[in-house]
Each structure stands twice: as structure tokens, then as C-alpha cells.
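# Structural description and commentary
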Amino acid sequence: MKVLVLGGGGREHALAWRLARGASVTRVYVTPGNPGMATVAECIALENYTPEEYLGLAERLGVDVTVVGPEAPLVAGVVDLFRQCGKPIVGPTQAAANLEGSKVFAKELMNEAGIPTARYFIAESEPEALAALARFEYPVVLKADGLAAGKGVIVAKTRNEAMDGITALFSGQFGEAGQTVVIEDFLPGREVSFIVLTDGETVLPLAPTQDHKAVHDNDQGPNTGGMGAFCSDKILTAAETQEVLNRVIYPAVRAMAERGTPFTGFLYAGLMMTDQGIRVLEFNARLGDPECQTLMHRLHSDWGAVLFRAAVGKLAGVSLSWDAAPSVCVVAAAHGYPGPMRIGDAITGVRDAEAGGAVVFQAGTRMNHGVLETAGGRVLGVTASGVDLRAAMNRAYLGMEQIQFDGKHFRRDIGAKGLG
């Protein structure tokens with residue numbers, strides 16, 4: 001079959017890489033793609049990347065199934081349009097994607113469905129948010145309601161930090177995303193990314209992963225879109241996995257169906273395993289990045305066949321095969337990220353890293369007169385597996401040391417939380 005992947009980051013590179021290895025897949029297309037994806041797929045540029053353009057491309061190419069990587073096309077309604085035209089696609093409808101597109105919507109659905117989450121307050125103005133701080137202790141979490149590329153969350157350790165954070169969120173730097181702000185209790189514990197694939201009825205869990213959001217080691221500094229992740233069978237016990245399904249995933253899928261907006265595609269629950277039990281930090285409507293890189297590295301199943309069955313509502317009876325070896329993805333970021341970043345720095349050593357056993361998933365890259373350059377904040381995801389987590393970390397970091405570009409920075413503790 002022919003598969004089309006929408007997106008151009010590290011997550012989409014990992015999807016294309018795994019799809020190209022499946023027995024059922026004869027051709028992989030990506031739009032817009034990036035230089036790394038060009039080794040496993042045909043990259044096609046569009047003019048405006050609208051749902052209509054995506055549909056036209058899928059029809060011209062005669063693809064059998066399309067999979068959506070980033071959140072923006074979902075919120076724009078690409079799935080709705082494809083389904084109206086009878087084209088199989090993996091992802092939620094525009095209405096269902098609200099589960100990620102609005103923190104307020106997600107919180108209200110969790111309340112309605114009895115899904116455990118942090119205590120919260122919804123503020124629609126800066127004065128209202130500042131007044132609401134009196135209800136919370138510190139640290140406190142501030143979230144822009146809408147999409148903010150993974151950067152619309154602030155963990156404020158003091159009242160002054162919280163006040164500055166509220167001002168920043170309402171200042172317009174996140175556009176419409178920051179017009180409403182959710183204030184919620186900070187939850188200490190063990191963070192887990194739990195992702196499932198669903199056709200609206202059947203739920204197929206993926207292996208649990210753990211993301212690292214803060215830019216610096218030991219979870220210091222501002223939040224990013226993700227500086228690395230690891231995937232291991234030891235992240236959750238079988239009992240914990242079942243509890244997540246029973247208390248979080250199944251209720252969310254049921255609640256979405258009861259609202260008349262069945263959720264299909266990838267449902268991502270960002271969890272905190274606290275002393276008081278499971279709490280949901282957020283829902284996303286797509287695969288995480290860089291969690292996807294670790295998942296695709298471990299997955300053995302024919303991914304194209306699985307995605308096609310999800311797109312046509314026939315996931316029942318499907319199971320996934322995983323490599324027993326854990327995997328680690330370490331992100332190399334550009335100078336200045338997650339703030340104003342510099343682009344255009346030449347990148348070397350990707351082939352050397354891959355010769356040493358890593359897979360380098362490209363994200364913020366471009367080709368300029370035959371030279372690979374930085375073109376975004378998160379530039380590369382150096383991904384590797386090993387007989388145990390320590391071995392996977394060593395292999396990933398060995399690959400990272402082979403890669404050079406001016407301003408490169410990365411965390412040196414990705415996976416360390418899983419060593420215990």
C-alpha cells in the first residue's frame with residue numbers, strides 16, 4: 001500500500017522510517033518532510049498546507065491511508081475533510097482534537113468523566129488570574145488554553161514567578177492560545193506518557209514512555225517541546241497499565257463518544273504517578289515528539305497495516321509486537337532554544353552517529369547548497385536501543401557526540417530516571 005505522512009519533524013521522520021520497513025508498504029510519501037526523511041520517503045512541498053491541499057495530494061498520489069503527525073492539521077479539520085471524501089486517515093476530527101486544542105475543554109471533560117486530574121481554576125483575564133493565585137500553593141502550574149507548540153506551560157515556584165508568568169501568558173506571545181489560562185496545582189511524582197491508538201471503539205495501547213520537557217538537566221529551566229524520551233517495559237507495571245486504561249483511557253473514549261465526537265487516532269495521556277494515585281496532566285490528540293521516536297525504534301509490527309485498520313474502523317483483534325530492548329532518544333537543540341533561536345549552522349557527523357548504531361531522526365533541518373543546516377529549535381533526535389536502559393543511553397549519547405553544529409545543546413540525563 002501507499003502511505004502519506006503529514007508533517008516535517010522528528011516524529012514524522014520516525015513514522016516514515018518505521019512505515020518503510022513494513023511488509024505491506026510499497027511507498028511512503030511525506031509533506032513537507034525534511035532532508036532526513038528523503039532517505040526513506042518521497043518529500044513533497046505544498047503551497048499553504050491546508051486540508052484541501054492535503055486531500056488533493058492524497059488523491060493525486062492514490063494513497064491508501066494518510067497519517068497526521070502534528071496537531072495543527074487536526075485542529076484545522078483535515079480528518080473531517082478526508083472522511084467526507086471517503087479517504088482513510090488516522091487522526092481525530094476537528095471537534096475531537098479539541099481534547100488537545102483546549103486545556104479548558106480537556107479539564108471539563110475529565111470532570112464530566114470522573115478522570116483524576118489536578119485541582120484547577122479557569123481565568124479569562126489577567127486580573128482574574130492574579131486574584132486566583134491566592135487559592136494555590138507553590139509551585140503552581142500555569143497553562144495557556146490553546147495550542148502553543150509545547151511551550152505554553154509555566155511551572156512557577158514563587159508568587160512573583162507566577163505573576164510574571166500570568167502576565168507573559170496574557171501578553172499575546174501565544175496569540176489566541178493565551179487568551180484563557182488554566183491555573184492548577186503542581187503535582188509531584190513520576191511522569192509517564194501513555195499513548196493509545198483507537199478507531200473510536202477498540203483501544204490499542206502503545207508501550208509507555210517518559211518525556212523530558214525542561215531544557216536543562218535535572219528538569220531545570222523552561223519547558224520545551226521535549227528534550228528527549230525513553231521507552232521501557234519497566235516504566236509501568238501490568239497493574240498500573242490496566243489502571244490507566246480503566247481510569248483514564250476508556251472513560252475518555254466513552255465520554256468523547258457520548259458527546260457525539262468519537263475520538264479516533266492517537267490519544268496521548270500525559271500522566272503523573274503521584275502518592276495519591278494517577279493524575280492526568282494533559283491530553284494530546286497525536287503521537288508525542290520525541291516519544292514517537294522511541295516507540296518507532298522498538299516497534300516490530302507492520303505499522304502500515306495497523307494504521308490502515310485503525311483508519312477504517314477495524315482495530316479489533318490487532319496486537320503489537322515490541323523489541324524487548326528499551327530505547328532512548330536524545331534531542332540536539334539549536335542555539336537559543338527554547339527562546340529566540342539561531343538557524344543556518346552547518347551540521348556534521350550524522351552518518352558517523354548512525355554508523356555507531358544510532359538512528360538520527362531529523363527535525364529542524366534543511367539542505368542549503370548541499371550542506372545540512374539547522375532550521376528549527378529541536379534539530380535532531382539521536383535514538384538507540386540496548387540490552388538494558390543504560391546500554392541504550394550509552395549508545396544514544398555516543399551517537400550524539402559524533403554530531404556537531406555551532407550552538408548545539410542537549411540534556412545529559414535522558415533515561416536516568418528509569419535506571420532505578
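Residues numbered from 1 in each chain as written. Predicted model: local features only at pLDDT ≥ 70, side-chain atom pairs only at ≥ 80, totals over all residues. Heavy atoms only, no water.

Turning to the pattern of salt bridges, a few remarks are in order. One pass over the full model with this rule turns up 19 salt bridges. Measuring nitrogen to oxygen at the nearest pair gives 3.1 Å for the salt bridge that ties Asp 233 to Arg 298. With a gap of 65 residues between them, Asp 233 in the loop between β15 (228-231) and α9 (238-258) and Arg 298 in helix α10 (residues 291-298) connect regions that are remote in the sequence. The exposure class of Asp 233 is partly exposed, given its relative accessible area of 48%. Asp 289 is the salt-bridge partner of Arg 378, the closest N and O atoms lying 3.8 Å from each other. Of this pair, Arg 378 sits in strand β22 (residues 378-385) while Asp 289 is found in the loop between β17 (277-284) and α10, placing the two residues 89 residues apart along the sequence. Among the charged side chains, a salt-bridge network with shared partners connects Asp 219, Arg 411, Asp 413 and Lys 417. (Salt bridge = Lys/Arg side-chain N within 4 Å of Asp/Glu carboxyl O. Helix = DSSP H or I, 4+ residues; strand = E, 2+ residues; numbered from the N terminus. Buried < 20%, exposed > 50% of the residue type's maximum accessible area, 1.4 Å probe, protein only.)

Turning next to helix α1 (residues 10-20). In terms of burial, α1 is a largely internal element, 10 of the 11 residues being buried. All buried positions along α1 are accounted for by Gly 10, Arg 11, Glu 12, His 13, Ala 14, Leu 15, Ala 16, Trp 17, Arg 18 and Leu 19. Turning to α1, the residues buried within the fold contact β1 (2-7), β2 (27-32), β4 (65-68), α10, α11 (303-311) and β19 (359-362). (Contact = heavy atoms within 4.5 Å.)

Here we come to the sheet that holds strand β5 (residues 89-90). The strand order across the open sheet built from 5 strands is β3-β2-β1-β4-β5, with neighbouring strands paired in parallel fashion. A single partner strand is all that each edge strand has here, and the edge strands are β3 (42-43) and β5. Summarising the sheet, β4 and β5 pair through 2 bridges and their orientation is parallel. Counted as the bridge partner of Thr 66 is Ile 89 from β5. Here α11 sits on the sheet and contacts β4 and β5; the angle it forms with β4, its principal contact strand, is near 90°. (Pairing = 2+ DSSP bridges. Axes fitted to C-alpha atoms, helices over the stretch in contact; angles between N-to-C directions.)

Once that is clear, we can look at the packing of α1 against α11. At a closest axis distance of 7 Å, the pairing of α1 and α11 adopts a crossing angle of 110°. Taken together, the axes of α1 and α11 lie roughly perpendicular to each other. Packed against α1, whose contacting residues are Leu 15, Arg 18 and Leu 19, the element α11 presents Trp 303, Gly 304 and Leu 307 at the interface. Within the contact of α1 with α11, the residues separate by chemical class into 4 nonpolar, 1 polar and 1 charged. (Parallel < 35°, antiparallel > 145°, perpendicular 65-115°, else oblique. Nonpolar A, V, L, I, M, F, W, Y, C, P; charged D, E, K, R; others polar.)

In terms of burial, strand β10 (residues 190-198) is a largely internal element, 7 of the 9 residues being buried. Bridge count between β10 and strand β16 (residues 265-274): 9 bridges; the pairing is antiparallel. Note that in β16 the partner of Leu 197 across the bridge is Phe 266. Sheet topology note: the β10/strand β11 (residues 203-205) ladder contains 3 bridges and is antiparallel. Bridging from a neighbouring strand, Thr 198 pairs with Val 203 of β11.

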